[in-house]
Amino acid sequence: MRYLLLLLIFTITTSALYSQTTMSDEEEVAQVIKALFDGMRTADSTSVAALLHPDIRMQSVGYDKEGKPYMQQGSSQRWLQSIASYPAGTLDERLYSQVIEVDMPLATAWTEYSFFLNGELSHCGTNAFQMSKTAEGWKIHQVTDTRRKENCTVEERSLADSVHAFVDAWHVAAAEADEDTFFGSMSADGIYLGTDASERWPRDTFHVWAQFAFDRESAWAFKPYDRELYFSDNNKYVWWEEMLETWMGPCRGSGVAHFENGRWQIKHYDLAVTIDNDKIEGFIELTKGE
């Protein structure tokens, strides 16, 4: 009996430790990216080199002064030499969002970044990683980045903070009649459900219908509060529920957004009025015969 008890304790303890240390493929990929930039920050080119596939390709894409697209080839050896040549803390690349997709043994990661040199913002953009799973673990075999100096994120921001800021800016765009931002924040196949039973609007149809409102100083001013966010496992989708202060009284909104082409896009939004349960009979009477 004592032997069985000890065996049971050992099994439970081992299972608990295993569950605490086993990571998903997505988490392993995220750890590799974190280790890469931690190594850059500490000027540890040896640890960074261990994360790279021998056949790695490094590229930058962008637009020249004439607006023509270009692709520039980089060198992993020159990059590693650069890391080793700077004092620790000089090179600091900060990530603000990360979307990872895995189809074993291949993984891709899309990350928004800002790069700081000696604490000063140098540039920002997006990194697109490709990795493959090898006998030694995940190895980075391609990195392509974009680079710009405008509209860079400089403050520390979590994924949730970036979504809150995105949805808040969408509501502000309606309040300020900024139709480019409002409808540009919705995907081409996005749907908006209004409070009227007939109001199921594909984005472009909604844009045409709402033009009268956006011709004013303010289309509508809804102030969100009590928002809750929920993310898919790969952080590529987010859905939320929120309360809104509106001219109709308290309303409830719920939405779904997809991270696509380096930014969040609203796929679906549902606006609903709220009615207290003790007033529902009066509401039913009011709408009878309609």
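Here the residue index of a chain counts from 1 through its sequence in written order. Selection of residues for local features in this predicted model requires a pLDDT of at least 70, selection of side-chain atom pairs for listing and counting requires 80 or more, and totals for whole chains, interfaces and linings are taken over all residues. Side-chain metrics in this entry use all non-hydrogen atoms of the structure; hydrogen atoms and water are not considered.

Caption draft 1: Here's a closer look at the sheet that holds strand β8 (residues 200-202). Read from one edge to the other, the open sheet built from 6 strands follows the order β8-β7-β12-β11-β10-β9, with strand pairing classed as mixed. Bordering the open sheet on either side are β8 and β9 (223-231), each of which pairs with just one other strand. Each strand of the sheet is rotated relative to its neighbour by a mean of 15°, with strand direction disregarded. Only strands joined by at least two bridges in the DSSP assignment are considered to pair. Only runs of H or I of at least four residues qualify as helices and only runs of E of at least two qualify as strands under DSSP, and these elements are numbered from the N terminus. Sheet topology places strand β7 (residues 186-193) next to β8; 3 bridges connect them, and they run antiparallel. Looking at the pairing, L193 lines up with R200 of β8. To obtain an axis, a line is fitted to C-alpha atoms, over the contacting stretch when the element is a helix, and the angle between two such axes runs from 0 to 180 degrees between their N-to-C directions.

Caption draft 2: Local environment of the packing of aromatic side chains. We call Phe, Tyr and Trp rings a pair once their centres come within 6.5 Å, taking the six-membered ring for Trp, and we label the pair stacked below 30 degrees between planes, edge-to-face above 60, and tilted otherwise. Counting across every chain of the model gives 22 aromatic pairs. Ring geometry for W170 and Y269: centres 5.0 Å apart, planes at 70°, overall edge-to-face. Taken together, the positions of W170 in helix α5 (residues 159-175) and Y269 in strand β12 (residues 263-273) put the pair 99 residues apart, joining distant regions of the chain. Residue classification places Y269 among the buried residues on the basis of a relative accessible area of 1%. Between W209 and F212, the aromatic rings sit 5.5 Å apart at their centres with planes inclined by 90°, giving edge-to-face as the arrangement. The rule is simple: take the accessible area with a 1.4 Å probe, protein chains only, and divide by the maximum for that residue type; under 20% is buried, over 50% is exposed, in between is partly exposed. Overall, W209 belongs to the partly exposed group, its relative accessible area being 37%. Over the aromatic face of F116 sits the side chain of R94, whose NZ or CZ is 3.8 Å from the ring centroid. Here, over-ring charges are defined by two tests on the NZ atom of lysine or the CZ atom of arginine: distance to the ring centre within 6 Å, and angle to the ring normal within 35 degrees.

Caption draft 3: Region of interest: the sheet that holds strand β2 (residues 69-73). Strand order across the open sheet formed by 6 strands is β2-β1-β6-β5-β4-β3, with mixed pairing between neighbours. Each edge of the sheet is formed by a strand with only one pairing partner; in this case those strands are β2 and β3 (91-103). Neighbour-to-neighbour, the strand axes of the sheet open up by a mean angle of 25°, direction not taken into account. With 12 bridges connecting them, β3 and strand β4 (residues 106-117) associate as antiparallel partners. Each bridged residue has a counterpart across the sheet, and for D103 the counterpart in β4 is L106. Residue contacts are defined here by distance: any two heavy atoms, one from each residue, within 4.5 Å place the two residues in contact. Helix-sheet contacts for helix α4 (residues 76-85) involve β1 (52-63) and β3, and the interaxial angle to β1 is about 90°.

Caption draft 4: The arrangement of the pattern of salt bridges in detail. Any Lys or Arg side-chain nitrogen located within 4 Å of an Asp or Glu carboxyl oxygen qualifies as a salt bridge. Here the structure, examined in full by the defined rule, presents 13 salt bridges. A salt bridge links E66 to K68; the shortest N-O distance between them is 3.6 Å. Of the residues examined, E66 reaches a relative accessible area of 63% and is grouped as exposed. On the basis of relative accessibility, which here comes to 48%, the residue K68 falls in the partly exposed class.

Caption draft 5: Layout of α5. The end-to-end C-alpha separation of α5 is 25 Å, in line with the 24 Å expected for 17 residues at 1.5 Å each. Every buried residue of α5 is listed here: L159, S162, V163, F166, V167, W170, H171, A173 and A174. At the exit of α5 stands A177, carrying a positive phi of roughly 55°. Multiplying one less than the number of residues by 1.5 Å gives the expected span of a helix.

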